[in-house]
Structure formats: C-alpha cells, structure tokens
Amino acid sequence: MEAFTTHTGRAVPLRRSNVDTDQIIPAVWLKQVSRTGFEKGLFAAWREDPEFVLNRPEYQGASILVAGPDFGTGSSREHAVWALQQYGFRAVVSARFGDIFRNNATKMGLLPIQLPEDVVEGLQDKIAANPAKEFTIDLEARELRCDEGGVQTFEIDDYTRWRLLEGLDDIGLTLRHADAIGDYEAKRQPWLPVTA
Amino acid sequence: MGRTLADKVYDAHVVRSAEGEPDVLYIDLHLIHEVTSPQAFDGLRMANRAVRRPDLTIATEDHNVPTTDILKPIADPVSRTQVETLRKNCAEFGVRLHPMGDAGQGIVHVIGPQLGLTQPGMTVVCGDSHTSTHGAFGALAFGIGTSEVEHVLATQTLPQRRPKMMAVTVNGELPYGVTAKDLILAIIAKIGTGGGQGHIIEYRGEAIRSLSMEGRMTVCNMSIEAGARAGMIAPDETTFAYLEGRPHAPSGPDWEAAKEYWRSLRTDDDATFDKEVVIDASELTPFVTWGTNPGQGAPLATTVPDPASFADPTHRAAAERALEYMGLTAGTPLRDVTVDTVFVGSCTNGRIEDLRAAAEVIKGRKVADGVRMLIVPGSMKVKAQAEEEGLNEVFAAAGAEWREAGCSMCLGMNPDQLKPGERSASTSNRNFEGRQGKGGRTHLVSPAVAAATAITGRLTAPADL
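Quick caveat, the model's predicted, so the values are computed rather than measured.

**With respect to the nonpolar core**
Phe43, Phe71, Leu84, Phe101 and Leu111 of chain A together with Ile362 and Met373 of chain B are the most contacted members of the largest nonpolar core, which totals 106 residues. Looking at this core element by element, the count peaks at seven residues for helix H16 (residues 447-456) of chain B. Filtering out sequence-adjacent residues up to four positions away, methionine 373 of chain B remains in contact with Val342, Val344, Ile362, Val367, Ala400, Glu401, Ala450, Ala451 and Ala454 of chain B. Residues Val9, Leu31, Ala40 and Leu117 of chain B belong to the second largest nonpolar core, which totals 88 residues.

**Some details on the UniProt feature "domain: Aconitase A/isopropylmalate dehydratase small subunit swivel" (unreviewed entry) in chain A**
UniProt records the feature "domain: Aconitase A/isopropylmalate dehydratase small subunit swivel" (unreviewed entry) for residues 1-117 of chain A in the present numbering. Annotation note: span residues 1-117 of chain A, helix share 21%, strand share 18%, distance between end C-alpha atoms 29 Å.

**A look at the environment of proline 116 of chain A**
Residues and elements named next belong to chain A. For proline 116, the location among the structural elements is in the loop between strand E4 (111-114) and helix H4 (117-129). By relative accessible area, which is 45% here, proline 116 ends up partly exposed. Sequence separation between proline 116 and asparagine 55 is 61 residues; the distance between their C-alpha atoms is 27 Å.

**Considerations on the UniProt feature "binding site: [4Fe-4S] cluster" (unreviewed entry) in chain B**
All names here are of chain B. As recorded in UniProt, the sites labelled "binding site: [4Fe-4S] cluster" (unreviewed entry) are Cys347, Cys407 and Cys410. Judged by maximum C-alpha separation, these annotated positions cover 64 residues in sequence but sit close together in space, the widest gap being only 8.8 Å. Structurally, cysteine 407 can be placed in the loop between strand E17 (401-402) and strand E18 (423-426). Looking at cysteine 407, the relative accessible area reads 7%, which means it is buried. In this structure cysteine 407 touches Asp62, His63, Ile107 and Phe343, once residues within four positions along its chain are discounted. With respect to the element layout, cysteine 410 can be found in the loop between E17 and E18. Note on cysteine 410: relative accessible area 5%, which makes it buried. Beyond its immediate chain neighbours, meaning those up to four positions away, cysteine 410 contacts Phe343, Ser346, Ser428, Asn429, Arg435 and Gln436.

**Focus on the interface of chain B and chain A**
Counting residues at the interface gives 79 residues for chain B, matched by 61 residues for chain A. Between chain B and chain A we count nine salt bridges in total. Here the element with the most residues in the side of chain B that touches chain A is helix H5 (residues 146-155) of chain B; it accounts for seven residues.

**Observations regarding the pattern of salt bridges**
Within the structure shown, the criterion is met by 46 salt bridges over all chains. Salt-bridge contacts for aspartate 170 of chain A lead to arginine 163 of chain A; the nearest nitrogen and oxygen are separated by 3.3 Å. Under the relative-accessibility criterion, aspartate 170 of chain A is labelled buried at 8%. Looking at arginine 163 of chain A, the relative accessible area reads 4%, which means it is buried. Each of Glu185 of chain A together with Arg52, Arg53 and Asp55 of chain B takes part in salt bridges that share partners, so that together they form one network.

What counts as what
- Residues numbered from 1 in each chain as written.
- Chains lettered and ligands numbered in written order.
- Predicted model: local features only at pLDDT ≥ 70, side-chain atom pairs only at ≥ 80, totals over all residues.
- Heavy atoms only, no water.
- Core = buried A, V, L, I, M, F, W, Y, C linked by side-chain atoms within 4.5 Å.
- Buried < 20%, exposed > 50% of the residue type's maximum accessible area, 1.4 Å probe, protein only.
- Helix = DSSP H or I, 4+ residues; strand = E, 2+ residues; numbered from the N terminus.
- Contact = heavy atoms within 4.5 Å.
- UniProt positions renumbered as here; feature names shortened; annotations may be inferred.
- Salt bridge = Lys/Arg side-chain N within 4 Å of Asp/Glu carboxyl O.

Laid out in structure tokens, this is it:
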C-alpha cells in the first residue's frame, strides 16, 4: 500500500449525493484481471458530458475530491478506489461514506476524510470560487488546511492512521498472529462445513 | 449485560484482540467469483503465499457469464479471459469451482445456502456487497473488497472492529400480496441509503419470523442498500427445516449438537441496540422505486413525488436529478409508468420461491406486446427445480424468455442489458444510473409485481389485474 503522510493539491467539488460505486466505475470496466488502467473508467458515463466537473479545464490535475454525502455506496468493487487513485486522487472528502468503500480506500492508501455536511458544502463553495486554491492534508495532525488559512480537523482511528502513515500491508500484520489463528482453528466446532 | 445475536457470532470468531488494534476475526466460509478475485490471487502469487484454507473456500462463475449458449465459449473476449483466469486460479490454489455449465453453478449467494454451506452462527465473506444475504441464517455475513479477499485467502481472517448494532423490528403481519421485497424496499425508503452505515441490522418481529428462508434472504440481501454491511435474522425452526438434509448441513449427532448451539443464537432480552426502528407490517402495500437509489421508493398506489416536497435540500436535489435521469414527471401515478423490459432474477429474487410467485401471476396470461421478459434462475439447481415444477413452460407460454443461471441483467456485465432510455421493472437490488446498461432506467419491484407489470406493460400489482 502507498503510504499517506501529507499531501498538498487542488480540489474538485462533486456536488452530488449518493455517488455509488457503479457511477465511480461502471460494471463493464470490472472485467479486467489486472490492477491498472481503471482511470479511463472513472465516472465513465458522467465524463461523456463536456460540462461534467472533472472535464472542466480549471479542475485538471486536482487531487482531492470533495463530494456530496453517501459517497461510495453500493457495490464492494475495490476497482472504484483503484480508478480514483489511478486518475490522480489521493483523498476524498464527504459527509458520509459507504462502509465497504471506506474500508477499501484505507487498504489502498486513498484517504477518506469525513467532515460535517455543511463544512463539505462550504469547501465546495470555496473551491468553486477559486479552483486554484490549494489544500494540505496532514494525516499526522488529522488536519485539512486551506492555503489562505482555515483548518478542518477530521477523525480517523489511531490504528488506521498508523497503517496509512507507514504504508503497511494488513496481511503481513495479521500473519504475525499465525499461531493464534492455528490455536483458534484447533477449537472450531466439529460440525462446521468444509467445501472440499 | 445481554448480548445481541450479532455480538454472539462476532465474539465466537475473535482470534485475537488487543487494545488499540482491530480484532482478528476468523472466517468460516469464503465465497469467490470471477470479478473481484483475479487481483487477489495475483497478490498471493507475488508474495509467494498459499490459500490457507481452500477447504473453507468455494468459487462460482456468475457475474459476467452469458445466460444463453453456455456450452459455447464466451463471445466477449474480456469476459472469457476473466472466467478462464478464475478457472486457472482455482486449479492452481486448490479451490473448488462450479464453472459455467456445471449443475452446481449459480449466483454465489444462491449456491451457498442451497448447498447447506451457509449455517447459523458462521462468519461468511465474499467480494460482493450482497453477501449480507447469508445473514438470513443468523450468520454474520458481509461484502469485502479485493484487498480483503486476498487477506482472507492468505490468513482465513480479517482485521475488524465491532460494528454498531441496529434493530429493525417489523411488527404485525404482511397483508396478502405484500412480499419480503416490498418490505425491504419500504425499510430502505424509511431509513435511507445511509441509515445503516456502520451498523449490523438485526431484523426482528412477527412479520420477519413469518417469512420463509427465501423471503428472509431477500430482506437481508438488501441491507447494504440501507448502508449496513450485514443484516441478520435469528435462526429458528424455519431455518433448521431449510437446512436439514442439505449436502453440507450437519447430520446425525452433529445435527442435534449444532441445533442446540444455534438455538442460543438470539439477542438476549436485556441486550441494547445503538439504533432502533419499528415498522408496522400491516400498513405496507406493494412498493416500487421511482429514482436512482434504492431509498427513492414509494407505494405503487401513489405518484412520482414532487422534489419540492423534500425538506432536505440534498434529498431535493437528488430527487430532481433522479426524475430527469428516469424521464419521469412529478405527480404521475406510478401505475401509469410503462416499461420495455421485465427482469426476474438476481441474488435478491432469483430463488425458487421467487420464480413460483412470478409464475403464479403470469400463468395463463401473456406478456404485453413490445415488452420483453427475462427469467433468469439464480442457480442451475433452481433452474432444474423450476423445470421439474413446469414453471419454465408457464413462462414460455406467456412469451417470457427462460435463461441459464447468473447475475445477468442485475448489473449488465454480460449481454443482458438495457439500451439507453429503456425502462425496466426489475426484481434486482439496485436502480443506480446505468446499472442495467448505460442510460437504462430501473424500477425495483417484487417478483409478483414484475410479473403483473409484464402483463400490462405498466407498473402493476397482481391485485390490479
């Protein structure tokens, strides 16, 4: 996983609620067996509209997506996270995230930043007024800072923050407890099914 | 203090817990399909890791398989490569696979229960958000991403934090003609697509107890549409009767021992929930969606809502956008909305009872001119049973298409798709923009409403016929 410490970049406002993972990456893009190339499918249907916010010249190169509430609902497809990252996003700001999307994002190093809905709307207004505005995300301090001042503090649990700061792979962390897994397995109920 | 059903199942699977760290949770059953697994197997290969418990893992081909000509190679080369990749991975890592054409093939959430692999008190995961279906048995079952699929393959565990608990109590009796699908659509409309976020929903109450296992699976299946990763129903005699004699269900003395344990899997009287919602089943009527998320639904007997009637500006904007996408005008009676396609199938409503419900309505009648009706059984076993009961002939006589098993038009990864602007009544779970094909418009309905709609060409309840 890519480590996340601090990031400075421009933002893009996506003023829609319930942006489900089918919108982030339509199912037709999920047939790939590789982990790359998903940026082309990001918001594929919406990007056909030249007026769609990601198509506007002032938002080219933006790396922080500031979206409406309930971002990433629906399908468990991690491809949604890959598509956002491969397009160039390092963080997504929303008032609420789909549980599975949020989990997938933290596994890959895409930072989900949850802020109150009115704060997110305020950020969207600021960005729309000046798309060149830069923001800095400081994960250590749990802060989203604006270049002209203004600091938003966000919550993230210590463990997830540590994993993201260090860029640690969960499997390696769990395998430190292989003995405990073996002990548990020895005590499972005898009637539990096997597929073999 | 007492514990909830979900607490009990969670506690029984904690391999290790430590202050400030997620728990390591053991996974009893890992279901795999072609779409969310290839990158996970690649990860194992790159790290030189094995599948820890292939004997707790099972794979099927469901998401992108065609539902016609299944004995020929898949025409779409990209889909074909993905299916072939699953076959290679399963062979290399020793995982049991039910490939296309196999009598055991089907939608991953249909075959687990059908085989008796899904049992009360188990933890079940799959790289698919509708894994919540298995919660109908009192299992803790939830969808995961591909990184987590790799994690489960390598360790048979997942790092987890105990979710919050939410109770949805459905009192009273569902009126005649109102089904589990109507109930869950009404629940989602009430609590919203984010209402269950961070929670496991336990469905309780008289109306839930009265549901068949198929109905319970329909309800738990759509928990994710209310934002909850998992939905659960305490196991009871209905659960045991469904399981008894299935290929992987316990037998002999194990059956009795298992049942004794399963009976303990209920929420204690003094347990508390973080959130509670109460619904009166007797007030419900057939329910359909009008918008582009599953929370945008209303009783079929009502009209397309006016966005101005939503007090919350976010909901208002979402409704405006949804009506534009759906090509609907506020105030139109939902019964006047005409459809081009009717889809009966999916992990929500592709089981035998669903096909029976649709067949009962359409028997002796005809699909309306200009409407195509697709019947896609949830598994080859469901298909075989339906054929034994003659349901395929009922559908064929009505002019509906009888297909092979798979996810099909629920998500349009195979050739079963809506064309831009086409409108469907669908027994699936998501009415998202473009879900059933780019530009397609979806109304979520129950199998009975789907069949009645096919007959008239307009959204219709069986009682309207």
